[in-house]
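Chain and residue survey
Each chain, written out:
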Amino acid sequence: MAMQPFAGRAAVAGIGMTALTRASGRTELELAVEACRAACADAGIEAREVDSVLSYHLNDSVPVTQVARALGMERLGWHNDVAGGGTQAASILGDAAMLIHAGLARNILIYRALNGRSGKRMNAVSTGPQERFTYGMAGPIPMFAMAATRYLHETGLDERHLHAVVAQSRENAAANPRALRREPLPYEDYLARPYVCTPLRTVDCCQETDGACALLISGVLDGPRVQAVVRGGGPGSSAMDRAPDVTAIFSAYVAPALWRASGMRASDVDVAMLYDAYSWLVPRQLEDFGVVGRPELGPYLMERRHAWVNPHGGLLSEGYVHGLNNVAQAVRELRGGRAVALVTGFGGSYGSAALLAS
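Residues numbered from 1 in each chain as written. Predicted model: local features only at pLDDT ≥ 70, side-chain atom pairs only at ≥ 80, totals over all residues. Heavy atoms only, no water.

1. Remarks on the overall build of the chain
For the chain, the helix and strand inventory stands at 11 helices and 11 strands. Computed over C-alpha atoms, the radius of gyration of the chain comes to 19 Å, within 12% of the 21 Å expected from 2.2 N^0.38 for 358 residues, which places it in the range of a compact globule. In terms of overall dimensions, the chain has C-alpha extents of about 55 × 55 × 40 Å along its principal axes. Looking at the chain as a whole, 57% of its 358 residues qualify as buried. Taking the intrachain contacts of the chain between residues at least 6 apart in sequence as the baseline, contacts between residues at least 24 apart amount to 80%. Surface exposure of the chain reaches about 14,300 Å², of which carbon and sulfur atoms provide 50%. Charge centroids of the chain, computed over 33 positive and 34 negative side chains, lie 2 Å from each other. (Helix = DSSP H or I, 4+ residues; strand = E, 2+ residues; numbered from the N terminus. Rg over C-alpha atoms; globule rule 2.2 N^0.38 Å. Buried < 20%, exposed > 50% of the residue type's maximum accessible area, 1.4 Å probe, protein only. Contact = heavy atoms within 4.5 Å. Areas by Shrake-Rupley, 256 points an atom, 1.4 Å probe, with all protein chains shown as cover. Lys, Arg positive; Asp, Glu negative; His and termini not counted. Charge placed at Lys NZ, Arg CZ, Asp CG, Glu CD.)

Shown next as structure tokens:
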């Protein structure tokens with residue numbers, strides 16, 4: 001099996017994060033600079049040794065040129081502000097790895113900074129003063145709730161299984177000082193939480209968070225290696241009017257490509273950072289990546305055999321930095337003795353996935 005040309009060439013040498021809050025009281029620039037400085041310090045280099053800066057955002061952040069200037073970088077090589085949200089969380093690792101493989105950069109900063117709770121919020125419908133919202137889907141939650149309804153029907157899963165996902169996320173986050181949600185969630189408490197859009201309750205949805213996360217990707221420093229990255233998608237939950245299967249999220253399309261590109265399989269992965277924007281995405285990804293077959297999904301969740309997924313609590317419990325905080329946790333896990341980590345990036349029916357190896 002031919003590996004991708006950049007396989008193993010780039011290392012995640014440094015990670016940095018700000019505190020995750022619901023009201024930072026700071027600008028996106030301040031958050032980005034703090035996280036980037038922390039990532040450089042973690043890698044043991046100065047910001048002036050960075051020659052490339054990448055970021056992704058949805059018009060809710062700060063441009064890379066401003067961050068580079070604030071970091072005191074006198075020379076800036078390849079740089080890019082990528083339009084996008086969660087889909088980029090894994091694939092931006094591929095962008096960095098390709099730059100290193102091409103000889104266009106040695107040390108690359110990647111960051112995601114946002115005031116996702118106190119500033120621009122994704123889960124709010126914005127209408128002008130003369131407009132009236134009369135029909136359609138009021139943001140992403142109703143759209144993915146529709147797909148969730150169909151998925152639960154087809155798999156035989158129900159609220160007990162969604163609770164198992166969220167409750168395990170809380171349990172995993174209990175020892176994580178960065179996590180915003182660390183308290184246990186008994187089943188009765190889960191049922192008492194209000195629906196946002198059936199079948200999704202408030203706790204089935206990821207948090208809206210203020211904060212920043214940064215990675216230092218290097219071709220000359222050591223760290224967990226970027227082994228494979230894929231990006232793609234097809235008609236599915238974010239294009240329901242054209243989809244033969246509204247439940248088909250990105251993983252239905254990118255999982256086979258990831259295994260082909262890496263020469264690996266699900267049994268090689270010993271920790272998974274799955275993009276858990278909504279609770280039902282966890283079983284769907286476990287199924288798509290070949291971790292567990294559909295007939296076994298129910299027992300797998302109820303017996304909490306998915307406890308190895310998102311050991312920090314994920315986006316449901318740690319916080320929501322558009323998935324880059326999941327990549328940072330993958331690095332922590334690999335530094336701590338894990339061998340292979342799977343990270344994913346969700347955007348409905350399109351997204352990305354990457355494999356990191358120690």
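2. Some points on the packing of helix H7 (residues 251-262) against helix H8 (residues 281-288)
Their axes nearest at 9 Å, the elements H7 and H8 cross at an angle of 35 degrees. The element H7 and its partner H8 pack so that their crossing is right-handed. Taking contact as the criterion, the partners of Ser 251, Ala 252 and Ala 255 in H7 are, on H8, Arg 284, Gln 285 and Asp 288. For the contact of H7 with H8, a count of residues per class yields 2 nonpolar, 2 polar and 2 charged. (Axes fitted to C-alpha atoms, helices over the stretch in contact; angles between N-to-C directions. Left-handed = near helix turned anticlockwise from the far one by under 90°. Nonpolar A, V, L, I, M, F, W, Y, C, P; charged D, E, K, R; others polar.)

3. Quick look at helix H5 (residues 159-173)
Spacing of three or four residues puts side chains on the same side of an α-helix, whose turn is 3.6 residues. With 15 residues, H5 should cover 21 Å at 1.5 Å per step; its first-to-last C-alpha distance of 21 Å lies within 8% of that length. Of all 15 residues making up H5, 12 are buried, and the element is well covered by its neighbours. For H5, the set of buried residues is His 161, Leu 162, His 163, Ala 164, Val 165, Val 166, Ala 167, Gln 168, Ser 169, Arg 170, Asn 172 and Ala 173. Of the surrounding secondary structure, the elements contacted by the buried residues of H5 are helix H4 (140-155), helix H6 (187-192), H8, helix H9 (297-302) and helix H10 (314-317). Capping the start of H5, Asp 158 holds a side-chain oxygen 2.9 Å from the backbone nitrogen of Arg 160, two or three residues further along. (Expected span 1.5 Å × (residues − 1). Polar contact = N/O pair within 3.5 Å; in protein donor to acceptor, adjacent residues only side chain to side chain.)

4. Section: the side chain of Asn 115
Its location among the elements puts Asn 115 in strand E4 (residues 107-115). For Asn 115, a relative accessible area of 6% gives the class buried. Here the side chain of Asn 115 touches Ser 24 through a polar contact of 2.6 Å, side chain to side chain. Within the structure, Asn 115 has its side chain in polar contact with the side chain of Glu 28 (distance 3.5 Å).

5. Remarks on the nonpolar core
Judged by nonpolar contacts, the single largest core of 96 residues is most densely connected at Leu 215, Ile 217, Tyr 278 and Trp 280. Tallying contributions element by element places helix H3 (residues 88-101) first for this core, with 8 residues. Counting residues in hydrophobic clusters, the runner-up holds 25 residues, among them Ala 35, Val 62, Ala 68 and Met 73. (Core = buried A, V, L, I, M, F, W, Y, C linked by side-chain atoms within 4.5 Å.)

6. Here's the deal with the confidence of the model for the chain
The predicted model of the chain has a mean per-residue pLDDT of 94, with 94% of residues at 70 or higher. A low-confidence stretch, residues 125-130 (pLDDT under 50), is modelled with 4 contacts involving residues beyond four sequence positions or located in other chains. (pLDDT = per-residue confidence, 0-100.)

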